[in-house]
Every structure is written in C-alpha cells, then in structure tokens.
Amino acid sequence: MLSNIYIKNFAIIDEIEIDFHENMSVLTGETGAGKSILIDAINIVFGNKKIKKISRDTSKDTEIICRFNIKNKNVLDILKEKDLAESNECVFRRKINTKNISKIYINDNPVASSTAKKIGELIIDIHGQHENQLILSNDEQRNRLDNFSGLLSEKDKIKEILSSINEIKQSLSSETYSTEEFNEKVSLLEFEIKELSDEVLEPIEYESLSEEYKRLSNSEFLMNKVKECENMLENDNNDDIKSLLSLINRNLEEIQNIDENAQDIYDLNMQILDQAANLKKSFEKYSRSINDDPERLAFLDQKILLLNNLSRKYNVTEKELYSVLENKIKILENLKDNKKNIENSNSMIKNLTQKYHLIAEKISSARIKKSSILEKKISSELKNLGMKDCLFKIDIITDENLISKNGYDKISFLIKTNKKSNLLPLNEIASGGELSRLSLVIQLETRSNNDCETMIFDEIDTGIGGATSEVLGNHLLKLAEKTQVLCVTHLAQIAAKSTHHYLVSKDTNSSSTDLFYLDKKSRVNELARMVGGIELTEKTLQYAKELLS
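Starting afresh in each chain, residues are numbered from 1 along the sequence in its written order. Per-residue local features of the predicted model are confined to residues with pLDDT of at least 70, and side-chain atom pairs are confined, for both listing and counting, to 80 or more; whole-chain, interface and lining totals are unaffected and use all residues. With hydrogens and water set aside, each side-chain value is computed from the structure's full complement of heavy atoms.

Caption draft 1: Examining the packing of helix α6 (residues 179–199) against helix α12 (residues 321–384) more closely. Angles here are taken between N-to-C directions and fall from 0 to 180 degrees, while the axes themselves are lines fitted to C-alpha atoms, restricted in helices to the stretch in contact. Secondary structure elements are defined from DSSP: runs of H or I of at least 4 residues count as helices, runs of E of at least 2 residues count as strands, and each element is numbered from the N terminus. Where α6 meets α12, the closest approach of the two axes is 10 Å, and the angle between their N-to-C directions is 150°. By the angle class used here, α6 and α12 are roughly antiparallel. Considering how the two elements wind past one another, α6 and α12 form a crossing that is left-handed. The residues of α12 that touch α6, namely those facing Thr179, Phe182, Lys185, Val186, Leu189, Glu190, Glu192, Ile193, Leu196 and Ser197, are Leu321, Val324, Leu325, Lys328, Ile329, Ile331, Leu332, Leu335, Lys336 and Lys339. Gly falls in the polar group here, along with every residue not listed as nonpolar (Ala, Val, Leu, Ile, Met, Phe, Trp, Tyr, Cys, Pro) or charged (Asp, Glu, Lys, Arg). By residue class, the composition of the contact of α6 with α12 is 12 nonpolar, two polar and six charged. Orientation is classified from the angle alone, with under 35 degrees giving roughly parallel, over 145 giving roughly antiparallel, 65 to 115 giving roughly perpendicular, and any other angle giving oblique. The handedness criterion is simple: a crossing whose near helix is rotated anticlockwise from the far helix by less than a right angle is left-handed, and one whose near helix is rotated clockwise is right-handed. In this analysis, two residues are considered to be in contact whenever any of their non-hydrogen atoms come within 4.5 Å of each other.

Caption draft 2: Representation of the sheet that holds strand β12 (residues 454–458) within the structure. DSSP calls a pair of strands paired once it identifies at least 2 bridges connecting them. Here six strands make up an open sheet; going across it, the order is β8-β12-β13-β3-β14-β15 and the pairing mixed. Pairing within the sheet leaves two strands with one partner each, and these edge strands are β8 (124–127) and β15 (512–517). Across this sheet, the average inter-strand angle for adjacent strands is 15°, counted without regard to direction. In the sheet, strand β3 (residues 24–28) pairs with strand β14 (residues 500–507) via four bridges, with the strands oriented parallel. Bridging from a neighbouring strand, Val26 pairs with His501 of β14.

Caption draft 3: Layout of the sheet that holds strand β6 (residues 102–106). Read across the open sheet, the six strands follow the order β2-β1-β4-β5-β6-β7; overall the sheet is antiparallel. Because the sheet does not close on itself, it has two edges, and the strands there are β2 (13–19) and β7 (109–111). Across this sheet, the average inter-strand angle for adjacent strands is 15°, counted without regard to direction. By the bridge criterion, eight bridges tie strand β4 (residues 62–69) to strand β5 (residues 89–96) in an arrangement that is antiparallel. Residue Ile64 lies in a different strand from β5, and its bridge partner there is Arg94. Docked against the sheet, helix α1 (residues 37–45) engages β1 (2–10), β2, β4, β5 and β6, running at close to 90° with respect to β1.

Caption draft 4: Here's a closer look at the environment of Ala276. Here Ala276 is to be found in helix α10 (residues 263–289). Relative accessibility thresholds used throughout: buried, under 20% of the residue-type maximum; exposed, over 50%; partly exposed, between the two (1.4 Å probe, protein chains only). On the basis of relative accessible area, Ala276 is assigned to the buried category, the value being 11%. Taking the C-alpha atoms as reference points, Ala276 and Glu234, separated by 42 residues in sequence, lie 9.4 Å from one another. Beyond its immediate stretch of four places on either side in the chain, Ala276 contacts Leu233 and Leu245.

Caption draft 5: Expanded view of a positive patch on the surface. Exposure above 30% relative accessible area and the absence of a salt bridge qualify a residue for a patch, where like charges join within 9 Å and nonpolar side chains (Val, Leu, Ile, Met, Phe, Trp, Tyr) within 5 Å. For accessible areas, the Shrake-Rupley method is used with a probe of radius 1.4 Å. Any residue's cover is judged against the shown protein chains and nothing else. Salt bridge, as used here: a side-chain nitrogen of Lys or Arg that lies within 4 Å of a carboxyl oxygen of Asp or Glu. Note that His is not counted, nor are the chain ends; the positive residues are Lys and Arg, and the negative ones are Asp and Glu. All charge positions are set by atom: Lys at NZ, Arg at CZ, Asp at CG, Glu at CD. A cluster of basic residues, Lys82, Lys118, Lys159 and Lys405, forms a positive patch at the surface. If you trace the backbone, Lys405 turns up in the loop between β9 (391–398) and β10 (409–416).

Caption draft 6: Layout of helix α3 (residues 113–123). Every buried residue belonging to α3 is among Thr115, Ala116, Ile119, Gly120 and Ile123, and all of these are buried. Down the axis, α3 shows its buried residues gathered within 125° of arc, on one side only. Set apart from the buried face of α3 by more than 90 degrees, the exposed residues are Ser114 and Lys118. Relevant arc is that of directions from the helix axis to the C-beta atoms, nothing else.

Caption draft 7: Local environment of the packing of aromatic side chains. Put simply, two rings from Phe, Tyr or Trp (the six-membered ring, in Trp's case) pair if the centres are within 6.5 Å, and we call them stacked under 30 degrees between planes, edge-to-face over 60, tilted for the rest. Inspection of the entire model under this criterion finds seven aromatic pairs. Aromatic pair Phe20 and Tyr502: ring centres 4.8 Å apart, planes at 45°, arrangement tilted. Highlighted residues: Phe20 in the loop between β2 and β3 and Tyr502 in strand β14, separated in sequence by 482 residues. Per residue, the accessibility class of Phe20 equals that of Tyr502, and both read buried. An aromatic cluster of three or more residues is present, and its members are Phe20, Tyr502 and Tyr517. In this analysis the charged atom, NZ for Lys or CZ for Arg, is taken to sit over a ring once it is within 6 Å of the ring centre and within 35 degrees of the ring normal. Above the ring of Tyr105, the side-chain terminus of Arg93 is found at 4.3 Å from the ring centroid.

Caption draft 8: Summary view of the side chain of Ser371. Its location among the elements puts Ser371 in helix α12. Among the residues examined, Ser371 registers a relative accessible area of 6% and is labelled buried. What Ser371 contacts, discounting residues up to four positions off in sequence, is Leu145, Ile394 and Ile396.

Caption draft 9: Looking closely at the pairing of β6. The pairing of β5 with β6 spans five bridges and is antiparallel. Within β6, the position partnered with Arg94 by the bridge is Ile104. Between β5 and β6, which pair antiparallel one after the other, the connecting turn spans five residues, and Asn100 there sits at a positive phi close to 70°. Between β6 and β7, which pair antiparallel one after the other, the connecting turn spans two residues, and Asn107 there sits at a positive phi close to 50°.

Caption draft 10: Spotlight on the nonpolar core. Membership of the largest hydrophobic core comes to 45 residues, with the highest contact counts inside it found for Leu438, Phe457 and Leu476. With six residues, helix α13 (residues 432–446) is the largest single contributor of residues to this core. If we skip the residues at most four places from it in the chain, Leu476 touches Met24, Leu440, Phe457, Ile460, Val485, Cys487 and Ile494. In this description, a nonpolar core means a group of buried Ala, Val, Leu, Ile, Met, Phe, Trp, Tyr and Cys residues linked to one another through side-chain atoms lying within 4.5 Å. If you look at the next biggest cluster of nonpolar residues, it comprises 44 residues, including Ile37, Val75, Cys90 and Ile119.

Caption draft 11: Structural view of the pattern of salt bridges. Scanning the entire structure with this criterion turns up 25 salt bridges. The salt bridge partner of Lys362 is Glu154, with a shortest N-O separation of 3.5 Å. With Lys362 in helix α12 and Glu154 in helix α5 (residues 152–171), this residue pair connects regions lying 208 residues apart in the sequence. Note that Glu190 is salt-bridged to Lys336, the shortest N-O span being 3.4 Å. Of this pair, Glu190 sits in helix α6 while Lys336 sits in helix α12, and the two are 146 residues apart along the sequence.

Caption draft 12: Main features of the packing of helix α8 (residues 219–233) against α10. In contact at an axis separation of 10 Å, α8 and α10 are set at 160° when each is read in the N-to-C sense. The orientation of α8 with respect to α10, classified from their angle, is roughly antiparallel. The handedness of the crossing between α8 and α10 comes out as left-handed. Facing Leu222, Met223, Val226, Cys229, Glu230 and Leu233 of α8, the residues of α10 in contact are Ala276, Leu279, Lys280, Phe283, Glu284, Tyr286 and Ser287. Here the contact of α8 with α10 is composed, by residue class, of nine nonpolar, one polar and three charged.

See below:
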C-alpha cells in the first residue's frame, strides 16, 4: 500500500508531504484545486508520463517520492530478483533537474523507466480519465476471469509444466542429428574404432615392440660386434686381453718375490683376470640371446608399417594413436547416450504436453462455464450504478493447439453502454467514469491476493448522483476491505463513506496546491461545502453530519 508521498516543485505544488492509510481514503476540493495532481505525480514517479514542463519553478529541481509497504509476494519476488529490495518497504523516487534530465530510483537504486513502470503497475492500479487502466489489458481481463473461476492453482500447474519442458529442451545437446546423420556418424566411428583397435598398441607396448624390431633388424650386426669383442678378449694369437693380463701376472709374481709392497697390485690384477673370465661368459650368454628370426622380423616390419600408415591418416605419432582410439570410443558412447537422452527427453516432453492439454481443457471449460455467471453479476451491478442499459459480455476464443502459460483461450471483455450501441472492447468506451465503475465492479467480483495492493479512482462518480452515488460509495468501501482505495470525488455521499479524508486546496495568494488530512469536524465542514457550496448553513452542516453518521 501507499504509505507516504512527498512532492516538491511539481505542477502547481511548491512542496507537500502526506501520509496515507489502509482502507478507503478520499480526496476532495474545489474545482481547479489540483485533486488529480496526486495521480499525475504517481504516474511521473513510475515513469509513465513525459516530463516536459512539469516543474512549477524551472530554476529548481523537481522531486517526487512514493513510499510503499509491500505484502504482495509476487512484487517482493520481482524486487528481490532485481536486487532492489530486501524488506517490505519500497521507495520510488524521481528527480528532474533544471536541465530537464530525469532519474528514477527504487530503494536508492537507479532503474530504467520501463522497469519502474513494470513494477509500478503491479503495486498501484490507477483508474482515471486519461490513464491506461490495467483492466484494458487482455492479460488482466483473463486474470480477472481466472480469479473468479478459481483457476489460479491450475494455471500454476501449467506454468510448472511449461517450465519443466523448457528446462528439458535447454538440457538437450546442442548437436542434434537426423536419424540418417546419426547412423552415418555412428557407422564411421565404429569403423575407425575397429580399425584402430585391431592394430593400435598402448604406449608401453609400442615401446617394447619398437625395441624388439630394432634388435631383430640389427641381429647380424650385433652378432658380429659380440664376436669381435670375444676375439679381443681371447684368441689364439696371444695378443688378446686375457694373454696380456696373464703376462702382467707373471711379471708381478717376480716383482712380489723381491718386493712385498707389490702384493696389492698383484691382487688387483688377479681380480681383473677373474672379471675377464666373467666377461667372456657374459658375451657367450648375450650371443645366445640374439634372435635371428626372419618370420618374426617380417611380422614386426608389417606391424610398424600399418601403425605408420594409421599415424599419417590421423595426423598423430604412432604412440598417440592409442589416445585417438580412446577419444573415439568416448565420442561414440556420448553420442549413443545423447541419443538415448534425446529419446527419453522427447518422451518426457510428450508426457508433459499431454498433461498440459488435460489441464488446459479443464481451464477452458471452467472459463466458459464461469464467464456466463460473471457476465450476469457484472451487468446487474452496473445497472445498480446507474448504467441501466449496460450489457457486459466475455468473449472467449479457444485454440486447442495453443500451448502457453495461460492455456488455450484468448479473453476479451466486451460492453455496450446503451441499447443502440454494439458490444465493443473496453478500450473503445468513451466515458472514463463508466470505465472506472466497470473496473470497480470487476475488482469486487474477482479480487485475489495477487492483485495490486492500492487502487486509485478518479472521475468514478462522473454523471451519477443521488442513490446511485451511495451504492457506489458502498462498493468502494467494500473493495477497501481487501485493498487500499484512494478516490478523487466531488460527491459528498461517496466522501462520507471513506475511512480517511484529505482536502486538496489552493492558496489564492501563491497559487500553490496543498493537501490536508481532515479530522471529524473538518470533514463535516468539507462535506457541507460539497453539498451546498462555499457558504455553510445549518441545514448543510446537519446533512453532512447525517452522512457521516
């Protein structure tokens, strides 16, 4: 609800600040006092109006601040989602400097006028002669009918279903293939995997094979080198290492017989002789290990040639072929899993869509059934409000192929205000007062907890009087049990019904408008003025007291 408004240097207002309350409040005052300025100021702060020539004094900044206490969960969720509020208090502020540069803030956060307008429309529903009333929207008309039909929970189910469908669609792989494309891709991957699986070795296996091939292809060279080494170690010509070491040994024996200090050298030479004997055995063992296997060599030669061809085909080294194989296996598995996920997801979407149609059919049926009841109620109430020749109809166009968060139906409210006119959409109604009264009746019949917490009516009493004005006042008071109602009126019968009364007056010296909260005595005087004019009489005062009582 609107709890406070501050206006500075706007239109014919120098500066005012006033608190507002729950239930029903009226604003009254003489013609030209500026009763509708409050509505204009709220429209300005919500970004709904152009800002040219709105300053009272062009040498000063214009500022409008509206404070709201929000209970509507939908509004609070939007504010939190946009990081604009953490509590129930919401402050709209618009400042326009002397250069006509404007900024809008919500809880001191700068916002675009479109954001302010969108949120503002959820907080206040304004009904005035020049306002784009919420009830003119086909979306709002559908919401009104759905409130009356008790379809809010069913619509929530539809929204959940469509949200689930969208989530499933978003989770599907971005790569989607036709059946033919999928089969071709799988076939190619399976061929490549088989081709690689038949030949490719793990890196450690490839290293072992390469070593074996290297030894086999050089077996003759290795054998010759071993024989050459063995010959240098021992031969029949006494020029080998072993013969030379034996000669050294005999010389050391003679030296040792003379000088015992040569014992260490003699022992070392004996160790070398032993090692030479072991070396001979090692050569013999290694020589026996050299494998001269032409068939094995031919096999390895062919294997390496195949691996070499594959490495050129896939543009990697022979050792990297195994990684290529692993990657292609993973791609194939993912492709098949993705195909399975798509099939499962499509099945889920199909089931959810079937559920949607069942609920949408139920909603459409309820709308058609309840619309005739609502038509009669609203037409009857409008007659009580002086619109005796008025006929209200609800046009429902059903498209069973339509999938939307609101179901199959497009809803349009139609009305004829006299016997000679045709049924027309609400936005073609000429009278602002008639449209305001129609909106009031619709609100009374279709109100829900998700609706705007504040409703403002201007010109709702145009063209009525007498008993009809009292009926209208009772309707406003009844609506105020569920929402905050602010009403600009010139009828004392309506003003007397309000819980709170504000007087809009104009200072003749400064030509500036002010706003005052009236106590009981002041209310009697204002009601008497509204009934009888500027000059108060005992008769008008008495009548005003009777209205209040």
